[in-house]
Amino acid sequence: MSVLETLQRTALYDVHVALGARIVPFAGFEMPVQYPAGITAEHHAVRKSCGLFDVSHMGEFLVTGPGAIDFVNYVTTNDVAKLAVGQAHYSTFCNERGTIEDDCLVYRFEDHLMLVVNASNIAKDWAHIESRMLTFDCTMENVSARTALLALQGPLAPSVLARHTSVNLDAIAYYHFTVGTVAGVEHVTISRTGYTGEDGFELYFADAHAPAVWAALMSGGDVSPAGLGARDTLRLEMGMALYGNDIDDTVTPYEANLAWLVKLTAKERFVGRDALVAQKMAGVPRKLVGFTLPVRNVPRHGMRVFVDGEQSGEVCSGTVGPSVALPIGTCFLPTDIAKPGTHFHVEIRGTLVPATVAALPFWPSGSAKK
Amino acid sequence: MSQIPANLQYTKDHEYVAGAADADIVTIGITDFAQGELGDIVYLDLPKVGSTFAEHAVFGTIEAVKAVSELFSPLAGEVVEVNARLDGEPALVNSDPFGDGWMIRMKVADTNARAALMTADAYKALLGE
């Protein structure tokens, strides 16, 4: 069997092909990396008006039962007990070493929780979480394959979505959600979240309806289809971590500037707590930073980083930020120098290029209503 | 399907060579297929006039949003002109690869070497189009 035959497709695969998308293998799926307009145009459309992403490859696990909150609190680092019904938060799953198995969103519904995980980690996360269910009184269901996820992102997203729903979108605050009808499709989870820094919504619903919802949202002619390429430049300009580039199971939340996701005081027990307490006491040896390079030098994942002439890790993420109009990237630096203004070098094809640590986000002007 | 002008010659690395078969000076760039594969081009690192390259030597790099690629000289020769517009308008390579998006003009060391380049039909076959 060839690799291609094992790749999955979202319910919108044919729609992407018809739009002329470039399809690439990503996390086990054939996904649109860009449409004919190109990454830069799609990026600017999201910053200035509105873009629509198919991110149905993402995984969704539903946790149900009297012990659901205690269980998710045990396997994630953020404090699920703090979530109101209709609220979501960003979190991480750590292992006993305190390093990140995945980052995720946790949604609190009336009678269950939904965990949204990275597509590339669905199987790994399932095994990691399920093996720690122990005596918690709850059950978990993997609904990834039948759940569509569309991200409508950009300052015009609320007005676009309002044409297709009677739900009062103004009442949905950042990182809150409701369930309602969109484009005639019932039981859509309408979440004011995203991975772009712009205002917008993520819509979760039964995947059979994906072509109809996509067509409705695109019908006004003012929404650009946007691919994974633009999703990457948008998130990197916001300094948002990408699993596999910026974070993985060798990185703790403290090292990745995600200390705000670790609730040591509120939670006496959760997977990874002991290791995280130990690192906090001993001191965090390195931190993820954002940096810029002089124009015409593009940092890429894996390029070597040098501090005072010594190699000090590799570039995690890198691109040219279309909005900031500069080469931008992320890497780990020793904690004592991991602050804006620090100078170091990135090796690009044999040349040491001067890099400067920048404050994150690179693009502070996003329309997301925090 | 990408454009493959019939009157040009091609390499398997997706460069094209334009110019009459016996011309001393040829124009070199990348094909429509190549620019499509690279996506939005953000800058090019091109050689200086007077630089000389062996056949298949790296004469520059091309940076797109998602990827970087090296440029291989289809022929041996000396660079006699560089497309200065690409410095400020790298996207010309995306919008007009065979026209305003040309990269360098080269004085070829041996015009007979042109015979080894691919025809449009051969390049079309390479792309499976």
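Being a predicted model, the structure only gives us computed values, none of them experimental.

Asks: Even after reading the chapter, I still don't get the environment of Val-262 of chain A, so can you show me in this structure?
Replies: All names here are of chain A. The residue Val-262 is located in the loop between helix H8 (228–237) and helix H9 (273–282) in this model. Given the relative accessible area of 9%, Val-262 is considered buried. Note: C-alpha distance between Val-262 and Arg-273 (11 residues apart in sequence) is 8.6 Å. Once residues lying within four places of it in the same chain are set aside, the contact partners of Val-262 are Thr-77, Pro-253, Tyr-254, Phe-270 and Leu-276.

Asks: Would you take a moment to explain the pairing of strand E11 (residues 185–191) of chain A for this structure?
Replies: Residues in a regular strand point their side chains to alternate faces of the sheet. Residues and elements named next belong to chain A. In terms of burial, E11 is largely enclosed, as five of its seven residues are buried. Bridge count between strand E10 (residues 177–182) and E11: five bridges; the pairing is antiparallel. Paired with Val-182 across the two strands is Val-185, which belongs to E11. Taking the residues between adjacent antiparallel strands as the criterion, E10 and E11 are bridged by two residues, where Ala-183 takes a positive phi near 55°. Bridging between E11 and strand E12 (residues 200–206) involves three bridges; their strand directions are antiparallel. Its bridge partner being in E12, Ser-191 is matched across the sheet by Glu-202.

Asks: Please explain the sheet that holds strand E17 (residues 326–334) of chain A as it appears in this structure.
Replies: Residues and elements named next belong to chain A. The strand order around the closed barrel formed by six strands is E14-E17-E16-E15-E18-E19, and the pairing between neighbours is antiparallel. Strand after strand, the sheet turns through a mean of 45° between neighbouring axes, direction not considered. Where strand E18 (residues 343–348) and strand E19 (residues 351–358) come together, six bridges link them in antiparallel fashion. Note that in E19 the partner of His-345 across the bridge is Pro-354. In this fold H8 packs onto strand E16 (310–321) and E17, with an angle of close to 115° to the strand it touches most, E16.

Asks: Honestly, the interface of chain B and chain A in this entry has me stumped. Any pointers?
Replies: A common way to report how large an interface is uses the accessible area buried once the components associate. Each partner contributes to the interface: chain B provides 17 residues, whereas chain A provides 17 residues. Between chain B and chain A, the buried area comes to about 1,300 Å², and carbon and sulfur atoms account for 42% of it. Among the residues chain B hides against chain A, the three largest losses belong to Tyr-43, Val-65 and Lys-66 of chain B. Together they make up 42% of the total. Joining chain B to chain A, the criterion identifies four salt bridges. Salt-bridge contacts for Glu-37 of chain B lead to Arg-22 of chain A; the nearest nitrogen and oxygen are separated by 3.4 Å. In this structure, the connection of chain B to chain A is made through 12 residue pairs in polar contact (both at pLDDT 80 or more). Among the elements of the structure, helix H1 (32–38), strand E4 (41–45) and strand E6 (58–64) of chain B are those that each provide at least two residues to the side of chain B that touches chain A. Considering each element in turn, the side of chain B that touches chain A owes the most residues, four residues, to E4 of chain B. Among the residues making up the side of chain B that touches chain A, the classes are represented as eight nonpolar, three polar and six charged.

The rules we used
- Residues numbered from 1 in each chain as written.
- Chains lettered and ligands numbered in written order.
- Predicted model: local features only at pLDDT ≥ 70, side-chain atom pairs only at ≥ 80, totals over all residues.
- Heavy atoms only, no water.
- Helix = DSSP H or I, 4+ residues; strand = E, 2+ residues; numbered from the N terminus.
- Buried < 20%, exposed > 50% of the residue type's maximum accessible area, 1.4 Å probe, protein only.
- Contact = heavy atoms within 4.5 Å.
- Pairing = 2+ DSSP bridges.
- Axes fitted to C-alpha atoms, helices over the stretch in contact; angles between N-to-C directions.
- Buried area = accessible area lost by both parts, 1.4 Å probe.
- Salt bridge = Lys/Arg side-chain N within 4 Å of Asp/Glu carboxyl O.
- Polar contact = N/O pair within 3.5 Å; in protein donor to acceptor, adjacent residues only side chain to side chain.
- Nonpolar A, V, L, I, M, F, W, Y, C, P; charged D, E, K, R; others polar.

Without other data, these values stay purely geometric and don't point to any function.
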